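Reading the structure
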Amino acid sequence: MKDALRGVLAGVALSALASGATAQEDAKLIVNGEIEMVTTTTAPEHLEGAFREIRSGWTFRTPETQALQMDDFENPAMIAVDRAQVVWDAVDGTEGNSCSSCHGTVDESMAGVRAVYPKWNEDAGEVRTLEMQINDCRENRMGAEPWDYGSTGMIDMTALISIPSRGMPVNVAIDGPAQSTWEKGKEIYYTRFGQLELACANCHEDNYDNLIRADHLSMGMTNGFPVYRLRNTRLNSTHQRFRGCIRDTRAETFAVGSPEFVALELYVASRGNGLSVEAPSVRN
Amino acid sequence: MTLSRRETLVLGLGAAVAVMMPLGAHAAVEDAIAAFTGGADVSEGGVTLTAPEIAENGNTVPISVSAPGAVSIMILAAGNPNPDVGTFNFGPLMPRQEASTRVRLAGTQDLIAVAKMSDGSFVQTSREVKVTIGGCGG
Amino acid sequence: MADGKPRVRVPKTASAGEQITIKTLISHKMESGQRKDGDGNPIPRQIINRFTAEFNGEVVIDVTMEPAISTNPYFEFDAVVPESGEFVFTWYDDNGDVYTTSSPITVS
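For clarity, every value in this text was computed on a predicted model and none was experimentally measured.

**With respect to the packing of helix α9 (residues 179–189) of chain A against helix α12 (residues 259–271) of chain A**
Residue and element names in this part refer to chain A. The contact between α9 and α12 brings their axes to 7 Å, and the two run at 90°. For the element pair α9 / α12, the angle class is roughly perpendicular. Only P259, E260, A263, L264, L266, Y267, V268, S270 and R271 of α12 make contact with α9, whose side of the interface consists of T181, W182, K184, G185, K186, I188 and Y189. Considered class by class, the residues forming the contact of α9 with α12 number nine nonpolar, three polar and four charged.

**Here we look at the sheet that holds strand β4 (residues 61–66) of chain B**
If you trace the six strands from one edge of the open sheet to the other, you get β2(B)-β4(B)-β7(B)-β6(C)-β3(C)-β1(C), paired in antiparallel fashion. Each end of this open sheet is capped by a strand with a single partner; those strands are β2 (48–50) of chain B together with β1 (5–9) of chain C. Neighbour to neighbour, the strand axes of the sheet diverge by 20° on average, direction disregarded. By the bridge criterion, six bridges tie β4 of chain B to strand β7 (residues 98–103) of chain B in an arrangement that is antiparallel. Following the sheet pairing, V65 of chain B is matched in β7 of chain B by A99 of chain B. The sheet contacts of helix α3 (residues 78–88) of chain A involve β1 and β3 (19–27) of chain C, and relative to β1 of chain C the element is tilted by about 125°.

**Let's talk about the interface of chain C and chain A**
Every contact between the two is made by twelve residues of chain C and, on the other side, twelve residues of chain A. Of the roughly 1,100 Å² buried at the junction of chain C and chain A (both faces included), carbon and sulfur atoms supply 61%. Applying the counting rule to chain C against chain A returns three salt bridges. With a closest N to O distance of 3.2 Å, R9 of chain C and D71 of chain A form a salt bridge. Going through the elements one at a time, β1 and β3 of chain C are the ones with two or more residues in the side of chain C that touches chain A. In the side of chain C that touches chain A, the residues fall into five nonpolar, three polar and four charged.

**A word on the interface of chain C and chain B**
Facing the 33 residues of chain C at the interface are 31 residues of chain B. In this assembly, chain C packs against chain B so that about 2,600 Å² is buried in total across both faces, 53% of it on carbon and sulfur atoms. Counting every contact that joins chain C to chain B gives one salt bridge. Notably, a salt bridge pairs R96 of chain B with D78 of chain C, separated by 2.2 Å at the nearest N-O pair. One can count 16 residue pairs in polar contact (both at pLDDT 80 or more) joining chain C with chain B. At eight residues, the largest contribution of residues to the side of chain C that touches chain B is made by strand β5 (residues 58–65) of chain C. In the side of chain C that touches chain B, the residues fall into 17 nonpolar, seven polar and nine charged. The sheet contact formed by strand β6 (residues 84–90) of chain B and β5 of chain C spans five bridges and is antiparallel. In the sheet register, G86 of chain B faces β5 of chain C, and the bridge partner there is M65 of chain C.

Rules used in this analysis
- Residues numbered from 1 in each chain as written.
- Chains lettered and ligands numbered in written order.
- Predicted model: local features only at pLDDT ≥ 70, side-chain atom pairs only at ≥ 80, totals over all residues.
- Heavy atoms only, no water.
- Axes fitted to C-alpha atoms, helices over the stretch in contact; angles between N-to-C directions.
- Helix = DSSP H or I, 4+ residues; strand = E, 2+ residues; numbered from the N terminus.
- Parallel < 35°, antiparallel > 145°, perpendicular 65-115°, else oblique.
- Contact = heavy atoms within 4.5 Å.
- Nonpolar A, V, L, I, M, F, W, Y, C, P; charged D, E, K, R; others polar.
- Pairing = 2+ DSSP bridges.
- Buried area = accessible area lost by both parts, 1.4 Å probe.
- Salt bridge = Lys/Arg side-chain N within 4 Å of Asp/Glu carboxyl O.
- Polar contact = N/O pair within 3.5 Å; in protein donor to acceptor, adjacent residues only side chain to side chain.

Below you can see the structure in the form of structure tokens.
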């Protein structure tokens, strides 16, 4: 099996020679003519031996797709942000609170938040994603029903919360109390799953920039999540993307919102420490 | 509104039927132009219509129109169930009589722009846009 | 859902007579009237049928819209601003709702 797989990956590698022309590695990402994004930077220390340099998924896309993210009037994800802004200001639940009752404006209160999540929560004694924190607010501050982890309303809200962090470097903490979760995520990243026996690393570390069938493999960075995908014309969360990847290995996947995906999200986010928060981004 | 692939196909079928009945569709376009011009002669040129040669998604096709010296520009999509798209009326604070928007096209068809100039004359242009509906996405 | 939420981009400052570019977008489903619901009944048309931009009360552009304008209608156009003042953007919904937003601009 291993030999067979090596054959497959070698084939993948060969087809990469033809793909160079589609990658726009040198393009500069400046959003709305004012937010300058770091799309290529030195890899964080913990990736020593794997990458010297890390690249945002944006650098792997065609000029047409790249352009969609350079202007909020072109970026289809901004419709979701508009939707979430209405929800942010709307009272829900038994406590008579909206998000803004406690947090005020998104721009002021949420700047920098997206860049450091998933993050250790001392009171809860666990690493939490933005989604978990939002539902904590909904249940305990607002007395409202929690949202389904992968629901449109939830993903819209994570997109909105990301807005004031755009251009800030991803900087998730991997040491201290978060370390054991991070280690667990790392283990998942390098574990081969499914009938195809593929780990995240087989595609996104060993074969980034190569074609897998018609798809141009990126380094699998999450700095742009949630992303608007042209493929399904909606916003997609990190966990939904993880599930799609693992499904493609012909494996039984972890659930969206599961502890395994929370750990993997922290680990994968840490591989992108130093890249700019691009969320909500546009990919194919 | 988000059109599903199936709904878009249905719209496309409608367009195909329209193509098979050139007289009916043509009449609707002629009527719309006549209503805009009041029956005046329309000459070619003097108005520019910019649109992609091939639009991958017929639900949102970026277009722009420009006609220096125009007071208004009407846009028609000859292959849509209803060819009317919209009319731009320009005020004096516009330095260039030019505007961009995004339109729905039911299938491959001709887009038509008719401009009314400040002297009361009319000019028009047309441009074919190929719509590749329901491709595999990418 | 969030239908009728407008977004505009207008420079905050300009010099007198400068040509500026304005972008506008409003969240709206633009229900064409051509679709049917799950039971096969036609979904009634509900679109934004008119968009206007004015500067200090003077029309910049006035657009008549039909169902062929895409979901979340977008317009981009240029304007010259002779003096400081305010752009007012207005969208008219088939259902009678009127959405409006304004942007001040300082001319130096």
